[in-house]
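# Structural overview
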Amino acid sequence: MYQVNENYLKLPGSYLFSTIAKKVAAFAEANPDKEILRLGIGDVTQPLCPAVIEALHKAVDEMADPATFRGYAPDLGYDFLRNTIVEKDYKARGCDISADEIFISDGAKSDSGNIQEIFGACSKIAVCDPVYPVYVDSNVMAGRTGIYDATTETWSDVIYMPTTKENGFVPEKPDKRPDLIYLCLPNNPTGTTLTKDQLQEWVDYANKEEAVIIFDAAYEAYIAEDDVPHSIYECDGARTCAIEIRSFSKNAGFTGLRLGFTVVPKDLKAGDVCLRDLWARRHGTKFNGAPYIVQRAGEAVYSPEGKAQTDEQIAYYMRNASVIRNGLLDAGYEVFGGINAPYIWMKTPDGMKSWDFFDHLLENANVVGTPGSGFGPSGEGYFRLTAFGTYENSVAALERIKAL
Ligand SMILES: Cc1ncc(COP(=O)(O)O)c(C=O)c1O
């Protein structure tokens, strides 16, 4: 009989958002008269902006003409998009990144899940706790995380770096030396960030320890404060220790269109081995490119119109974030995030467990959020609300929460 990859069997429970969906469906069925307001999942609600739609239409027309039809995309992605990224995301911020270090993909989830493949099976990973679950789960699938302890909800071979209100949401350097350090900034789920000086310390630490930082900057577009870096390459020495992952999902609403990219600098080397070449090999073998029409849509995000229109969408979501944040503060809750990120991270009242607060909010306010414990053990006692809903729903949800 064939065998399955037994590492998959080690993955605990069902995926956080399926559990939430099941609970919400059961509540809706039992209470058909109740209007449920969803501030749970991190999906956008605003439609694609006009500049993107126009680029999509134009690219579709090109695909209908034999003279302009495109088949397989180049391995790393089209030059028009990679050159635009170099100019607008990197050169404009003083970062030294070239087009052949940029790999266009179908999004940050695949890249952040797949990047571990180019590292050795025994690599030790360090993650912030709480954190976007993909980093740990993809390493579980690869057999890198040891044994799961259901009581502490931790893996024996994963280094957890608590990021909680006690340390001001600044992860501390681990006691044990990690090989791979996952940093997501601005962070999902806490909505918090590091200043440039704080991130520089991580870059210096990674260079000293000969570790690699996998820097997920999916929420970069939401940064509002000046001393928060948009790219890890704003830090000195990041070219020798950091891989950066970006997405078009949250800045331009591409969650259903799918586009992202990963930057692997040529200076990132394990001895003589250039990680950029390994990722190029992996990309060329296992990925056949993001669609031409989607890459043209991505290019349009950087046009003056696209930039203005997507900035407007971000401002819309961040207005929701203020409504949620200020509403919770008015109601006496302890609140974090929501300033440089579309996530608001709150402490549950009276030491309530995260899932108990989920039930409480669903039953009494008919509002859906995400239990903090779903993002890691240090998320227990916290709760995440997202600003990705409509303004009207955000206002209505907060009115209900305030009335509890
Ligand atoms: C931290 C983080 N990285 C990556 C992603 C996924 O991005 P994409 O839609 O580009 O796959 C998400 C989505 O919620 C996220 O929160």
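Keep in mind it's a predicted model, so treat the numbers as computed, not measured.

A count of helices and strands for the chain gives 13 helices and 17 strands. Relative to its length of 404 residues, the chain is compact, with a C-alpha radius of gyration of 21 Å against a globular reference of 22 Å. Seen through its C-alpha atoms, the chain measures out along the principal axes to roughly 60 × 55 × 50 Å. Expressed as a percentage of the 404 residues in the chain, the buried residues total 47%. Summarising the internal contacts of the chain: among those between residues at least 6 apart in sequence, 74% fall at separations of at least 24.

With 12 residues, helix α4 (residues 79-90) should reach 16 Å at 1.5 Å per residue; the first-to-last C-alpha distance of 15 Å fits that figure. Buried residues of α4: Leu 81, Arg 82, Ile 85, Val 86, Asp 89 and Tyr 90, and no others. Axial view of α4: buried residues confined to an arc of 140°, hence all on one face. Counted as exposed and oriented over 90 degrees from the buried face of α4: Asp 79, Phe 80 and Glu 87. Elements that come into contact with the buried residues of α4 comprise β2 (102-105), β10 (260-263) and α10 (292-301).

Below, the discussion takes up the sheet that holds strand β8 (residues 212-216). Taken in spatial order, the 7 strands make up an open sheet running β2-β10-β9-β8-β7-β3-β6, and their pairing is mixed. The strands lining the two open edges of the sheet, one partner per strand, are β2 and β6 (158-162). Within this sheet the neighbouring strands show an average axis-to-axis angle of 20°, counted without direction. Relative to β6, strand β3 (residues 125-129) is paired through 5 bridges, and the arrangement is parallel. Residue pairing across strands places Asp 129 opposite Pro 162, the latter belonging to β6. Helix-sheet contacts for helix α7 (residues 196-209) involve β7 (180-184), β8 and β9 (242-247), and the interaxial angle to β8 is about 145°.

Our focus in this paragraph is the site of the ligand. In the region of the ligand, 14 residues are neighbours, and Gly 107, Ala 108, Lys 109, Ser 247 and Ser 249 sit closest. No other element matches the 3 residues that helix α5 (residues 108-114) contributes to the shell around the ligand. For the shell around the ligand, a count of residues per class yields 4 nonpolar, 8 polar and 2 charged.

Quick look at the sheet that holds strand β17 (residues 382-386) now. The antiparallel open sheet is built from 4 strands, whose spatial order is β13-β14-β17-β16. Two strands bound the open sheet, and with one partner strand each, they are β13 (335-337) and β16 (370-371). Relative to β17, strand β14 (residues 343-347) is paired through 5 bridges, and the arrangement is antiparallel. By the bridge assignment for β17, Trp 345 is matched with Arg 384. Packed on one face of the sheet, helix α11 (residues 304-330) meets β13, β14 and β17 and runs near 15° to β14.

Entries for the chain in the domain assignment read domain 1 (7-47 + 305-402) and domain 2 (53-303). Sorting the residues of the side of domain 1 that touches domain 2 by element identifies α1 (7-10), α11, β13 and β14 as the ones contributing at least two each. Taken together, the residues that form the side of domain 1 that touches domain 2 break down as 17 nonpolar, 14 polar and 5 charged.

Conventions adopted
Residues numbered from 1 in each chain as written. Predicted model: local features only at pLDDT ≥ 70, side-chain atom pairs only at ≥ 80, totals over all residues. Helix = DSSP H or I, 4+ residues; strand = E, 2+ residues; numbered from the N terminus. Rg over C-alpha atoms; globule rule 2.2 N^0.38 Å. Buried ≥ 20, exposed ≤ 12 C-beta atoms within 10 Å, placed from the backbone. Contact = placed C-beta atoms within 7 Å. Expected span 1.5 Å × (residues − 1). Arc of directions from axis to C-beta. Pairing = 2+ DSSP bridges. Axes fitted to C-alpha atoms, helices over the stretch in contact; angles between N-to-C directions. Near = placed C-beta within 6 Å. Nonpolar A, V, L, I, M, F, W, Y, C, P; charged D, E, K, R; others polar. Domains from an automatic or database assignment.

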